[in-house]
Amino acid sequence: MQGQGVRSTSAEIPMVQVEFKENKPKSVKKFATMLKILKIIYTLVQEGKYCTKRDIFYQYPDLYPCQAFIDRIIDDIASMLKVPRQELHILATSKGLVSGDLQFENSEGIFIDCQHTAIGVPIAPHSRDMQNLQTQAKFVLVVEKDATFQKLMSHQFCKKMKTCILITGKGYPDNGTLFLLQEIYARQRLPIFVLVDADPHGIEIMAVYKFGSKNQMLDQTLALPSVQWIGILPEEIKRCHIPDSTLCTLSPRHLQMCVHLKSRPYFQHDEYMQSQLDILIELKKKVEIQCLDAISSNYLSDVYLPRKLKDII
């Protein structure tokens, strides 16, 4: 039997059919799990409540083999119903952090100022917990890793750059981080820069911010085409005189990932991105943001980023 799609008013969202084979135990279990999750979704929508994917997993930990199993089924349901996942009232567990010149109120009306934090303010998974956003920032800097985020905070980066917002999605960003960036851009039209490793994973993470996630094709409203890739750029591996000791060899899998990225629709006709990926393939090397520490412990915060942002600050 096949799951039938339910049409919504969003014509841009593709219809996806999910097949179940009644003679296969795994397929039967998947169908039963989907029905159980649909029941949970129905209750959440009726009561106007939200829960995380992790909450659903822990309701019946003996029933589900793993969290990824639940995640795939929730994505299948969103595809079948032709709605973004957040409309199912199911959220991803928040992991992003924000600091700098940003103030907001949470769902309880408590005022939060992101300038007064030592390790960053957790980004809520739902916009209701980050209302009435205010900022005087001139730009937003998104960094790939929490380690880089914490380093920039310890170096007082936001104060040195006068007014800015610093965000990390801790790798591939969750929806809460993407929602916050959408809200900031919609309200302020601030330039958004992304700092990632010069490797295929870093480039793919940058692409998630700019073009949206492959796993969230149902909701490309989370994409921010105006995002600018500020570094680390593959062309800088030689230009910045990065020590050879900080370079890592690209594995065959990473080289294949570079080739795959070149074929992505949003990169296919982008000569600049093609050239950056070609540099990685030619050098067969990659570098992480931390490579700049080999030049100087404060090179990233005091030299590299200020040079990149000199026309803004």
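Residues numbered from 1 in each chain as written. Predicted model: local features only at pLDDT ≥ 70, side-chain atom pairs only at ≥ 80, totals over all residues. Heavy atoms only, no water.

(A) The arrangement of the overall build of the chain in detail. Counting its regular elements, the chain contains 12 helices and 13 strands. For the chain, with 313 residues in total, the buried portion stands at 50%. Across the chain, the fraction of contacts at a sequence separation of at least 24, relative to all contacts at a separation of at least 6, is 73%. In the form shown here, the chain has an accessible surface area of approximately 15700 Å², with 53% of it arising from carbon and sulfur atoms. (Helix = DSSP H or I, 4+ residues; strand = E, 2+ residues; numbered from the N terminus. Buried < 20%, exposed > 50% of the residue type's maximum accessible area, 1.4 Å probe, protein only. Contact = heavy atoms within 4.5 Å. Areas by Shrake-Rupley, 256 points an atom, 1.4 Å probe, with all protein chains shown as cover.)

(B) Structural view of the side chain of Asp199. Considering the arrangement of structural elements, one finds Asp199 in the loop between strand 10 (192–195) and helix 7 (200–211). Salt bridges are absent for the buried Asp199, whose nearest opposite-charge side chain, Lys286, sits at 4.6 Å. In contact with Asp199, not counting residues within four places along its chain, are Leu280, Lys286 and Val287. (Lys, Arg positive; Asp, Glu negative; His and termini not counted. Salt bridge = Lys/Arg side-chain N within 4 Å of Asp/Glu carboxyl O.)

(C) Representation of the nonpolar core. Formed by 70 residues in total, the largest nonpolar core has its most connected members in Leu141, Ile167, Leu195 and Leu305. With 5 residues, the top contributor of residues to this core is helix 7. In contact with Ile167, other than residues within four places in its own chain, are Leu97, Val98, Ile123, Val140, Leu141, Val142, Val143, Phe149, Thr177, Leu180, Leu181 and Ile184. Ile70, Ile73, Ile77 and Leu88 belong to the second-largest nonpolar core, a separate cluster that totals 18 residues. (Core = buried A, V, L, I, M, F, W, Y, C linked by side-chain atoms within 4.5 Å.)

(D) Geometry of unusual backbone geometry. Of note, the amide linkage connecting Gly231 to Ile232 takes the cis form, showing an omega dihedral of -15°. Following the sequence through the fold, Ile232 ends up in the loop between strand 11 (228–231) and helix 8 (236–239). In this model, Gln156 sits at a positive phi of 55°, which is unusual for a non-glycine residue. Note that Gln156 resides in the loop between helix 4 (146–154) and helix 5 (157–160). Phi at Arg189 takes a positive value of approximately 55°, unusual for a residue other than glycine. Positionally, Arg189 belongs in the loop between helix 6 (175–188) and strand 10. By relative accessible area, Arg189 is classed as exposed at 54%.

(E) Region of interest: the sheet that holds strand 11. Across the sheet, which stays open at both edges, the 6 strands sit in the order 6-3-9-8-10-11 with mixed pairing between neighbours. Taken across any chain shown, the strands that pair with only one partner, and hence form the sheet edges, are strand 6 (121–122) and strand 11. Examined bridge by bridge, strand 10 and strand 11 share 3 bridges and lie parallel to one another. Bridging from a neighbouring strand, Phe193 pairs with Gln228 of strand 11. (Pairing = 2+ DSSP bridges.)

(F) Seen up close, the packing of helix 7 against helix 9 (residues 252–262). Relative orientation of the contacting elements helix 7 and helix 9 amounts to 35°, with a least axis distance of 9 Å. Within the contact between the two elements, helix 7 uses Pro200, His201, Ile203 and Glu204 and helix 9 uses Arg253, His254, Met257, Cys258 and Leu261. Classifying every residue of the contact of helix 7 with helix 9 gives 5 nonpolar, 2 polar and 2 charged. (Axes fitted to C-alpha atoms, helices over the stretch in contact; angles between N-to-C directions. Nonpolar A, V, L, I, M, F, W, Y, C, P; charged D, E, K, R; others polar.)

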